[in-house]
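One-letter residues, chain by chain:
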Amino acid sequence: MGRGVLPAQNRADTLAMAAAGGAEAAPTPAPGSLAAWAVEVLREPSAVGKAAKTRAALAVWRRGGLPGSLPGDPQPPPRPARDGAVRVVAARDLPRRGKGGTLASRQAILHGLAHIESWAVDLAWDAIARFGEAEGMPRAFFEDFAVLAEDECRHFELLEKRLKAIGSHYGAFPAHDGLWDSAEATVSDICARMAIEHCVHEARGLDALPQTIARFRSNGDPETADVLESTVYPEEVTHCAAGLRWFRHVCERRRAERLAAGNLSGDDNPADGADVVGEDEGEGEEERDFVVEEFHACVRKHFRGPLKPPFNTAARAKAGFTPEWYLPLVDNGRRLADKKVEPQKD
């Protein structure tokens, strides 16, 4: 869909208004970049509408020709629009959900997971809108986070469908918005956003999911267990990997820029850093140690409290998130010394 072509949803809205006897709305130009589409999603209040606009954005993006960003793109809103379908409470005031032994407990757990996925959609688009142009990110960054948003939409829809199947609905339980609180705390630093949202929080989800899957399966809901195990779990591994990949990219690029400007020696380890994105391509021990140390500093600065075991070491390793990244952050960042941290099985 090129510039000036009316999106299908807007055409449908126009026809609906005309059918209702109202004046036909003026055509709305299609977003001219993926970042502009991101703002469209962030301004959409309903979870269903966010999913529809995400699919529309990905369809245009995959046809080719749409830039990741343009200098005149709209800025993301301070907070994504929400329609009030879910009553938001502080995390400390959230009723205990239980361990899945009752139907009400399983409904509450599933609702909490769906709410996380609904916020994850906004977080992916916010990363594109807020940091893509501002940080001069390559097209691969936009691709990664657009696909991530699409995944999260699918997760939300699958979990919402399961909620209805077990006699509930999205909005039936209160929830907290802790994920967005973390996003607000990292609006000025892409490295902090990647580290906290897409490494710390995503990785914590990997830690918890095997037990959640087991609880649904052992308590008579294999359908929900299958959705979590076959779709949500493996795709969340790729999301953690994306956060780690772009954290490394920006750190190394900033460091290279400072080196080129003569602002530091090659032995220094600032909170910056090479321009190439790859799994470990061309990356030696010194560079890897530098980025890991930067991750530790970033998490200690922007995340409140220690990282808590048990860790799903197998799933984290699939994302490239091996123990040297997170074990030093246990116990408020003090190194583990002789304390044994038991890994959690995948």
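None of these values were measured; they are calculated from a predicted model.

Here's the deal with the packing of aromatic side chains
So, point 1. Evaluated as defined, the whole model comprises 11 aromatic pairs.
So, point 2. An angle of 90° between the planes, with centres 5.6 Å apart, marks the rings of F247 and F295 as edge-to-face. Judged on exposure class, the residue F247 and its partner F295 are both buried.
So, point 3. The interplanar angle of 40° and the centroid separation of 6.2 Å between the aromatic rings of F321 and W325 together place this pair among those described as tilted. You'll find F321 and W325 in the same group, each marked buried.
So, point 4. Joined through ring pairs, the aromatic side chains of F247, F295, F311, F321, W325 and Y326 make up one cluster.
So, point 5. Sitting over the ring of F290, R255 keeps its end group 4.8 Å from the ring centre.

A short note on the pattern of salt bridges
So, point 1. Per the counting criterion, the structure on display carries 23 salt bridges.
So, point 2. For R62, the salt bridge is made with E150, and the minimal N-O distance between the two is 2.7 Å. In this pair, R62 sits in helix 3 (residues 47-63) while E150 sits in helix 5 (residues 139-165), placing the two residues 88 residues apart along the sequence.
So, point 3. Taking relative accessible area as the criterion, E150 reaches 17% and is therefore assigned buried.
So, point 4. Each member of the salt-bridge network shares a partner with another, and the members are E135, D189, R253, R254 and E257.

Observations concerning the packing of helix 4 (residues 103-131) against helix 5
So, point 1. The geometry of helix 4 relative to helix 5 is characterised by a closest axis approach of 8 Å and an angle of 160° between their N-to-C directions. For the element pair helix 4 / helix 5, the angle class is roughly antiparallel. Crossing of helix 4 over helix 5 shows left-handed handedness.
So, point 2. Residue composition of the contact of helix 4 with helix 5, grouped by class: 19 nonpolar, 4 polar and 3 charged.

Some words on empty space enclosed by the protein
So, point 1. Roughly 50 Å³ of internal volume is contained in the largest cavity.
So, point 2. Around the largest cavity sit A47, K50, A51, S118, V121, C153 and F156, which together line it.
So, point 3. For the lining of the largest cavity, the elements supplying multiple residues, two or more each, are helix 3, helix 4 and helix 5.
So, point 4. Broken down by element, the lining of the largest cavity gets its largest block of residues, 3 residues, from helix 3.

Things to note about the nonpolar core
So, point 1. By size, the foremost hydrophobic cluster in this structure holds 80 residues, and its most contacted members are W125, F247 and F295.
So, point 2. For this core, the elements supplying multiple residues, two or more each, are helix 2 (34-43), helix 3, helix 4, helix 5, helix 7 (190-218), helix 8 (222-261), helix 9 (285-302) and helix 11 (323-326).
So, point 3. Residue contacts for F295: discarding those within four places in its chain leaves A195, C199, V200, F247, F321, W325 and L329.
So, point 4. Membership of the second largest hydrophobic core comes to 5 residues, among which are W119, L123, L179 and W180.

Quick word on the packing of helix 5 against helix 8
Between two packed helices, what matters for the description is the angle formed by their axes and the separation of those axes.
So, point 1. Taken N-terminus to C-terminus, the directions of helix 5 and helix 8 make an angle of 160°; their axes are 10 Å apart at the nearest point. With respect to helix 8, the element helix 5 is oriented roughly antiparallel. In terms of crossing hand, the pair formed by helix 5 and helix 8 is left-handed.
So, point 2. When the residues that make up the contact of helix 5 with helix 8 are grouped by side-chain class, the tally is 11 nonpolar, 5 polar and 9 charged.

Here we look at the confidence of the model for the chain
So, point 1. A residue-level look at the chain finds 81% of positions with pLDDT of 70 or above and a mean pLDDT of 85.
So, point 2. Confidence over residues 269-283 falls short of pLDDT 50; this stretch has 47 contacts with residues more than four positions distant or in other chains.

Each value, and the rule that gives it
- Residues numbered from 1 in each chain as written.
- Predicted model: local features only at pLDDT ≥ 70, side-chain atom pairs only at ≥ 80, totals over all residues.
- Heavy atoms only, no water.
- Phe/Tyr/Trp six-rings, centres within 6.5 Å; stacked < 30°, edge-to-face > 60°.
- Buried < 20%, exposed > 50% of the residue type's maximum accessible area, 1.4 Å probe, protein only.
- Lys NZ or Arg CZ within 6 Å of the ring centre and 35° of its normal.
- Salt bridge = Lys/Arg side-chain N within 4 Å of Asp/Glu carboxyl O.
- Helix = DSSP H or I, 4+ residues; strand = E, 2+ residues; numbered from the N terminus.
- Axes fitted to C-alpha atoms, helices over the stretch in contact; angles between N-to-C directions.
- Parallel < 35°, antiparallel > 145°, perpendicular 65-115°, else oblique.
- Left-handed = near helix turned anticlockwise from the far one by under 90°.
- Nonpolar A, V, L, I, M, F, W, Y, C, P; charged D, E, K, R; others polar.
- 1 Å grid on protein atoms, 1.4 Å probe; cavity = no way out; pocket = protein on both sides within 12 Å on 5 of 7 lines; lining within 4 Å.
- Points joined across faces, edges and corners; volume = space filled by probe spheres on them.
- Core = buried A, V, L, I, M, F, W, Y, C linked by side-chain atoms within 4.5 Å.
- Contact = heavy atoms within 4.5 Å.
- pLDDT = per-residue confidence, 0-100.

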